[in-house]
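Observations on the model geometry
Below, each chain spelled out in residue letters.
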Amino acid sequence: MTNARDLTHDPKLRSWVPSANQADCDFPIQNLPFGRFRPHGSADALRIGVAIGDQVLELKATGLVDTDDMNALMARTPAERQALRAAISAGLAEGSAEQAAWSALLRPQSGVELAVPCRIGDYTDFYTGIHHATAVGLLFRPDQPLMPNYKWVPIGYHGRASSIGVSGQHFRRPQGQTKAPDASAPTVGPSKRLDYELELGFLIGRGNALGEPISIEEAEQHLFGVTLLSDWSARDIQAWEYQPLGPFLSKSFATTLSPWIVTMEALAPFRAKFTRGAGEPQPLPYLDSAANRESGALDITLEVWLQTSAMREAGQPAVRLTRGNSTQAAYWTAAQLVAHHTVNGCNLQPGDLFGSGTLSGAKPEEAGSLLELTKGGKEPIELPGGERRTFLEDGDTLTLRGYCERDGAVRIGLGEVSATVDPSPR
Ligand code: MN
């Protein structure tokens, strides 16, 4: 099982990399996330790195793997992944014989370019955030906020992989067709209702053959790890285009990922029960297992931060808009998404990406999008410097952060995903 604890999770374990032992560090030795990097400004091929403290370890140079192909690494069996994790942990642990050799393989994370962490073939965005689905549904369909299928089917749509970028990117405000409710015809122009969605990204490890569904019992073995995902959304374009086939150009212009894949193994101490309240339908058998009920959910604290260009120019730090938790927000687990995605025989491949859907908490102040925080743009939020926002403006930098904290475990983090809105092309 990928969610079993072993020696790599021991809270007493410390690294010979000093920054990894700081209390608030996202990347202690208990985490060991994978990413792809090259030296800043170089045209080198990307290499696989492991984050440790504020450093990145060049993995292939350790001799533990013979590839710099992240997707090949992701395709390994859970047993192979666990063995690799154990070897990396042993090499980075205090007292390791590898310290002298591996010290030369470290670089400061600030000195490298971090890329999208793997080649993403296909991207599916789900809609597991039931509080988000309800709040958004209330705005569009007050009489029936949740569609009748919501509590039975993990709803999703096929997203666009080519426009997925990595934290630190700038993207242009999209243009598109919009139609005001009182207008007789649509117009084309820059979106006026540009929003973010706070999501987790689940990256697929081993795939399945076409025509061979992955059972819920096996689903976790096909999950490689988790990133933060910012699903940029043009609400005015979306409102006009989304019926009858769902989001299209309102989403496909940009999606941003955090650079480090936190593995399912690293998340083992931070699993939670999957529960359904009284009166809620129980999942159909292909979406139900004892293991999923016992520990199918993830306990990750999620935050959203905003810094406007005026704040940046005034030297003011980003302000936190919201903080919530993934367990309470998600109606379906990652394993259920894998089982559902493949129940029809659809094949998944290493490096495929699933978005969780917007993970809004039950309370209004835990909302994972501006659409919810501002009640559809009707109630602007006030920022510390006196600025107001209904939707994102040019120059805004939006950052998502995620971390896991539990008694008896060392805190680990997902790092952050940050991106800045540039003006539309003229
Ligand atoms: Mn989304």
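Look above for the structure.
A brief report on the enclosed structure follows. In this text the structure is predicted, and so the values were computed from the model without any measurement. (Residues numbered from 1 in each chain as written. Predicted model: local features only at pLDDT ≥ 70, side-chain atom pairs only at ≥ 80, totals over all residues. Heavy atoms only, no water.)

1. A few points about the overall build of the protein
- Of the regular secondary structure elements, the protein holds eleven helices and 26 strands.
- Here the protein has a C-alpha radius of gyration of 21 Å; the compact-globule value for 426 residues is 22 Å, and the two agree.
- The principal-axis extent of the C-alpha atoms belonging to the protein is close to 70 × 55 × 40 Å.
- Pairs at least 24 residues apart make up 74% of the contacts formed inside the protein by residues separated by at least 6 positions.
- Of the accessible surface of the protein, which amounts to about 17900 Å², a share of 53% is contributed by carbon and sulfur atoms.
- Distance between charge centroids for the protein: 2 Å, based on 39 positive and 49 negative side chains. (Helix = DSSP H or I, 4+ residues; strand = E, 2+ residues; numbered from the N terminus. Rg over C-alpha atoms; globule rule 2.2 N^0.38 Å. Contact = heavy atoms within 4.5 Å. Areas by Shrake-Rupley, 256 points an atom, 1.4 Å probe, with all protein chains shown as cover. Lys, Arg positive; Asp, Glu negative; His and termini not counted. Charge placed at Lys NZ, Arg CZ, Asp CG, Glu CD.)

2. Some points on the coordination of the manganese ion
- Protein-derived ligands of the manganese ion are Asp 125 (OD), Glu 197 (OE), Glu 199 (OE) and Asp 231 (OD), with the metal-ligand distances lying across 2.1 to 2.2 Å.
- On the primary sequence, the residues serving as donors to the manganese ion are separated as D-x71-E-x1-E-x31-D. Remark: Asp 231 occurs in strand β14 (residues 223-231) and Asp 125 occurs in strand β6 (residues 123-126); sequence separation between them is 106 residues. The same class applies to Asp 125 as to Asp 231, namely buried. (Donors = N, O, S within 2.8 Å, 3.2 Å for Na, K, Ca; no water. Buried < 20%, exposed > 50% of the residue type's maximum accessible area, 1.4 Å probe, protein only.)

3. What about the packing of aromatic side chains?
- Taken as a whole, this structure holds nine aromatic pairs when the rule is applied.
- With a centroid separation of 5.4 Å and an interplanar angle of 85 degrees, the aromatic rings of Tyr 331 and Trp 332 are classed as edge-to-face.
- Judged by relative accessible area, which is 7%, Tyr 331 ranks as buried.
- Here Trp 332 falls in the buried class, since its relative accessible area comes to 4%. (Phe/Tyr/Trp six-rings, centres within 6.5 Å; stacked < 30°, edge-to-face > 60°.)

4. Digging into the sheet that holds strand β5 (residues 112-115)
- Taken in spatial order, the five strands line up as β4-β3-β2-β1-β5 in an open sheet, and their pairing is antiparallel. What marks the edges here is a single partner per strand, and that holds for β4 (106-108) and β5. Across the sheet, the mean angle separating the axes of adjacent strands is 45 degrees when strand polarity is ignored.
- Sheet topology places strand β3 (residues 55-58) next to β4; three bridges connect them, and they run antiparallel. Counted as the bridge partner of Gln 55 is Pro 108 from β4. (Pairing = 2+ DSSP bridges. Axes fitted to C-alpha atoms, helices over the stretch in contact; angles between N-to-C directions.)

5. Section: empty space enclosed by the protein
- Throughout the structure, instances matching the rule amount to two cavities of 30 Å³ or more.
- Take the lining of the largest cavity: its biggest share by element is three residues, from helix α2 (residues 78-92).
- Its residues assigned to classes, the lining of the largest cavity comprises four nonpolar, two polar and three charged.
- Each pocket or cavity is described by its volume, and for the second largest cavity that value is around 30 Å³.
- Considering the residues around the second largest cavity, the lining is formed by His 9, Gln 30, Ala 266, Pro 269, Phe 270, Ala 409, Val 410 and Ile 412.
- Residues that form the lining of the second largest cavity fall into these classes: six nonpolar, two polar and no charged. (1 Å grid on protein atoms, 1.4 Å probe; cavity = no way out; pocket = protein on both sides within 12 Å on 5 of 7 lines; lining within 4 Å. Points joined across faces, edges and corners; volume = space filled by probe spheres on them. Nonpolar A, V, L, I, M, F, W, Y, C, P; charged D, E, K, R; others polar.)

Shape is all these values report; function is a separate question.
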